[in-house]
Amino acid sequence: MTATRFRIVPRDINAHLFEVSCTIDDPDAAGQIYRLPTWVPGSYLIREFARHVVSVAAQTPSGEVSVRKISKDAWQAAACTGPLTFTATIYAFDTSVRGAYLDATRGFFVGACVFVCPDGRALQPCELELVAPSHDLGQAWRVATSMPRQDAPEGGFGLYRAADYDELIDHPVEMGTFDLISFDAGSVRHDIAVSGRHHGDLERFARDLQRVCQSQIDLFGGRPGSRAPVDHYVFQLLALGEGYGGLEHRASTSLICARNNLPAPGATAVDDGYRTLLGLASHEYFHTWNVKRIKPAAFVPYDLATEAYTRQLWAFEGITSYYDDLMLLRSGVISQRDYLELVGRAISAVLRTPGRHVQSIAESSFDAWLKYYRQDENSPNAVVSYYVKGSLVALALDLVLRLDAHATLDDVMRALWQRFGQRDVGVDEDSIEAVASELAGRDLGPFFADYVSGTRELPLADLFREFGIELKLRASRDERDRGGKAIERNLPKVWLGMRMAPGNEVRVKNVLADGPAQRAGVAAGDTIVSLDGLRASPERIEHLCRTRLPGECISVLAFRRDELMSFELVLKQAPNDACWLVPDEKRTAEVLARRAAWLGG
Ligand code: ZN
């Protein structure tokens, strides 16, 4: 079988244009069709990558061939004899991990944005020629990708290969003058390529990440010192002033972090920012198993022309979110106290989401394309995160398994890995429940019906008690309070039931279901100008919430568009939606042993 030959050239860095061509020897006699994906695996939104295609052309050795666009994401060349080269010029100025980017500082692309798939060729092997940019700065550029090299120096431009189109688009490419640091985990080299301006201590980052990766490899391998499921792994990290994001691939991940989240030279503590970065890297690495190899049947194979529906994203994102921080604890990178703070924050985030009463995590998974990825001012009332609530369902499932079966969620993950991931078999919609029930030795159908397909509140306080941990609740101090910690003073007594957009103006971002603001008629987007006759400010609202009492009324003036409106709000007691967790050392030895088995020491 002849390979489909791709070539990508950073054609014009100041216009942010890549020139991407695709050559096949024996085009379809009826006129070869080429398609660009509408979404990228791992990010469940129709993104229409074809909108960044500026121009296309086709060529054979005997001359130019006409090309006609036949749908939003497809082109057809006129009938001809090969070899036929289809070339697209693609605008690339998206800094996100799911786009393509090119300027004088760096180039990046995830293949779904730039490589067309010729109809009928998805399973053919692919070659990719990465061409170095011709500008002066480009002479110093290197390449960081997990794509196997065919004829290219290590870290250099040249010829790469992929077994098929699916693999071709699953090895994003970073090019530029990034910093590079490597470590071994699971007997395999792992590279970290850091782009963007930063002063982080990369040696320390590599040391910490090594421990996290080895812990995950050991979890799935079932014993210490297991081997990684890949031959080479690459973390592509872009440090920016502000930013957060990650996208998983089969042997790499692309990450974005705030540059201040990298550990500062000389620092030894794990601060909040660094913990966030480690959690993100841990999360994406866990996907190497959970979603890249253990994957929903609906993704085998991926249909990148249209939505791929599954009710299981909670398992692939939620279980991964449970393990991302847990693996930081298990590998000794963070303390138990830090870990419990992160779980407390996750519980707080879910408690602040009225949408948990109306949407299950199974529904949230199914509707990710419409709702989770397209959030608006009403999302807190209508949507629950299959990441955050999914992580709490995973936690509850782990505790239930540990309590009555002496099994753990680790056992479930290993079983899924051995039965599905290692065998390249998609996970059916009911397989996870079946595997968990089998390992529990009892039917977990009611658990899944209540907490996965249903919206029943998780019995976390009761479960934690069996593990010597007390779940505590209080009111949130202000909008910056994420929970996770005890705060005793200056807590608000009342609540308005709305969230504000950041800034000095008092602009309503969300009006929460059944709160005082919604009952009074305040709407998202309103700009509040006065409260009880005094000029509104974020500070005045905080002061009011600390000093007034439930049942009292306040008058509010607000602009909706340019129309002044007045409202009477009846204040309600501030909800206890900030959670923190406290180890209780006065429990029985049995309970404390259970906790130690779960969280260590
Ligand atoms: Zn994820």
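If you're wondering where the values come from, they're calculated on a predicted model, not measured in any experiment.

Reading the values: rules and limits
- Residues numbered from 1 in each chain as written.
- Predicted model: local features only at pLDDT ≥ 70, side-chain atom pairs only at ≥ 80, totals over all residues.
- Heavy atoms only, no water.
- Donors = N, O, S within 2.8 Å, 3.2 Å for Na, K, Ca; no water.
- Patch = residues over 30% accessible without salt bridge, like charges linked within 9 Å, V, L, I, M, F, W, Y side chains within 5 Å.
- Areas by Shrake-Rupley, 256 points an atom, 1.4 Å probe, with all protein chains shown as cover.
- Salt bridge = Lys/Arg side-chain N within 4 Å of Asp/Glu carboxyl O.
- Helix = DSSP H or I, 4+ residues; strand = E, 2+ residues; numbered from the N terminus.
- Buried < 20%, exposed > 50% of the residue type's maximum accessible area, 1.4 Å probe, protein only.
- Polar contact = N/O pair within 3.5 Å; in protein donor to acceptor, adjacent residues only side chain to side chain.
- Contact = heavy atoms within 4.5 Å.
- Axes fitted to C-alpha atoms, helices over the stretch in contact; angles between N-to-C directions.
- Left-handed = near helix turned anticlockwise from the far one by under 90°.
- Nonpolar A, V, L, I, M, F, W, Y, C, P; charged D, E, K, R; others polar.
- Pairing = 2+ DSSP bridges.
- Right-handed = clockwise from strand over helix to strand, strands pointing away.
- Domains from an automatic or database assignment.
- Buried area = accessible area lost by both parts, 1.4 Å probe.
- Phe/Tyr/Trp six-rings, centres within 6.5 Å; stacked < 30°, edge-to-face > 60°.
- Lys NZ or Arg CZ within 6 Å of the ring centre and 35° of its normal.

Student: Please explain the coordination of the zinc ion as it appears in this structure.
Tutor: Think of it this way: four donors in a tetrahedron around the metal ideally sit 109.5 degrees apart, and six in an octahedron ideally sit 90 or 180 degrees apart. Those donors, His283 (NE2), His287 (NE2) and Glu317 (OE), are the protein atoms that reach the zinc ion, and they lie 2.0 to 2.1 Å from it. Site description for the zinc ion: donor spacing in sequence, H-x3-H-x29-E.

Student: Help me out: how do you make sense of a nonpolar patch on the surface in this one?
Tutor: Together, Val54, Tyr91 and Phe93 make up a nonpolar patch on the protein surface, roughly 290 Å² of accessible area in all. Relative to the helices and strands, Phe93 resides in the loop between strand E8 (84–91) and strand E9 (100–102).

Student: Whenever I open this one, the side chain of Asp410 confuses me. Can you help?
Tutor: Note on placement: Asp410 falls in helix H10 (residues 409–421). For Asp410, a relative accessible area of 10% corresponds to the buried category. Looking at Asp410, its side chain comes within polar contact range of the side chain of Arg330, at 3.0 Å. Apart from residues no more than four positions distant in its own chain, Asp410 is found in contact with Leu219, Tyr323 and Arg330.

Student: Looking at this model, I keep getting lost on the packing of helix H3 (residues 202–221) against helix H4 (residues 272–286). Mind explaining?
Tutor: A pair of packed helices is characterised by two quantities: the angle between their axes and the separation of those axes. Here H3 crosses H4 at 35°, and the two axes come no closer than 10 Å. Of the two elements, H3 crosses H4, and the hand of that crossing is right-handed. Across the interface between the two elements, Arg204, Phe205, Asp208, Leu209, Val212, Cys213, Gln216, Ile217, Leu219 and Phe220 from H3 touch Tyr274, Leu277, Leu278, Ala281, Ser282, Tyr285 and Phe286 from H4. Considering only residue class, the contact of H3 with H4 consists of 13 nonpolar, two polar and two charged.

Student: Would you mind showing me how to read the pattern of salt bridges here?
Tutor: All chains considered together, the criterion is met by 41 salt bridges. The salt bridge involving Asp208 is made with Arg211; its shortest N-O contact spans 4.0 Å. On the criterion of helical spacing, the pair formed by Asp208 and Arg211 is a turn pair, its members being three residues apart in helix H3. Several salt bridges converge on common partners, so that one network encompasses Asp272, Arg275, Asp338, Glu341, Arg345 and Lys485.

Student: How do you make sense of the pairing of strand E18 (residues 188–195) when you look at a structure like this?
Tutor: The side chains of a regular strand alternate, residue by residue, between the two faces of the sheet. Burial runs high along E18: seven of the eight residues are buried. Relative to E18, strand E17 (residues 179–185) runs antiparallel, the two being bridged by seven bridges. For Phe183, the partnering residue across the bridge sits in E18 and is His190. As paired strands, E18 and strand E19 (residues 232–240) are joined by seven bridges and run parallel to one another. Counted as the bridge partner of His190 is Tyr233 from E19. Note that the unit made of E18, H3 and E19 has a crossover that is left-handed.

Student: Teacher, can you tell me more about the domain arrangement of the protein chain here?
Tutor: In many analyses, interface size is given as the accessible surface area lost on bringing the parts together. Assigned domains of the protein chain: these are domain 1 (4–177), domain 2 (178–264), domain 3 (289–471 + 584–601) and domain 4 (494–573). Computed over C-alpha atoms, the centres of domain 1 and domain 2 are 26 Å apart. Facing the 28 residues of domain 1 at the interface are 21 residues of domain 2. For the domain 1 and domain 2 pair, buried surface summed over both sides reaches about 1800 Å², with 57% attributable to carbon and sulfur atoms. Linking Arg250 and Asp166 is a salt bridge whose minimum nitrogen-to-oxygen distance equals 3.0 Å. Contributing elements (two or more residues each) for the side of domain 1 that touches domain 2: strand E10 (106–109), strand E13 (142–144), helix H2 (165–168) and strand E16 (173–176). At four residues, the largest contribution of residues to the side of domain 1 that touches domain 2 is made by E16. Class assignment of the residues belonging to the side of domain 1 that touches domain 2 gives a composition of 11 nonpolar, nine polar and eight charged.

Student: Explain the sheet that holds strand E11 (residues 117–118) to me, please; I cannot follow it from the model alone.
Tutor: Sheets are built from strands paired through backbone hydrogen bonds, the pairs being either parallel or antiparallel. Strands sit in the order E6-E7-E3-E11 across an open sheet of four strands; the sheet is antiparallel. Each edge of the open sheet is held by one strand with a lone partner, namely strand E6 (67–71) and E11. Here E6 pairs with strand E7 (residues 74–77) via four bridges, running antiparallel. Pairing of Val67 across the sheet is with Ala77, part of E7.

Student: Looking at this model, I keep getting lost on the sheet that holds E16. Mind explaining?
Tutor: Across the sheet, which stays open at both edges, the four strands sit in the order E9-E10-E16-E13 with antiparallel pairing between neighbours. The open sheet terminates on both sides in strands that have one partner only, identified here as E9 and E13. Across the sheet, the axes of successive neighbouring strands diverge by a mean angle of 15°, strand direction being ignored. Taken together, the three bridges between E13 and E16 define a ladder with antiparallel strand orientation. Across the sheet, the residue bridging to Arg142 is Gly176, located in E16.

Student: Even after reading the chapter, I still don't get the packing of aromatic side chains, so can you show me in this structure?
Tutor: One pair of aromatic rings is described through two measures. These are the centre distance and the angle between the planes. Evaluation of the coordinates by the stated rule reveals 34 aromatic pairs. With 6.2 Å between their ring centres and 75° between their planes, Phe220 and Trp417 make a pair best called edge-to-face. A residue pair is termed long-range when its members are at least 10 positions apart, and Phe220 in helix H3 and Trp417 in helix H10 qualify at 197 residues. Residue classification places Phe220 among the buried residues on the basis of a relative accessible area of 3%. Counting every residue linked through ring pairs, the aromatic cluster contains Trp39, Tyr44, Phe299, Tyr302, Trp369, Tyr372, Tyr373, Tyr386 and Tyr387. The ring centre of Phe366 lies 4.3 Å from the NZ or CZ of Arg311, which sits over that ring.

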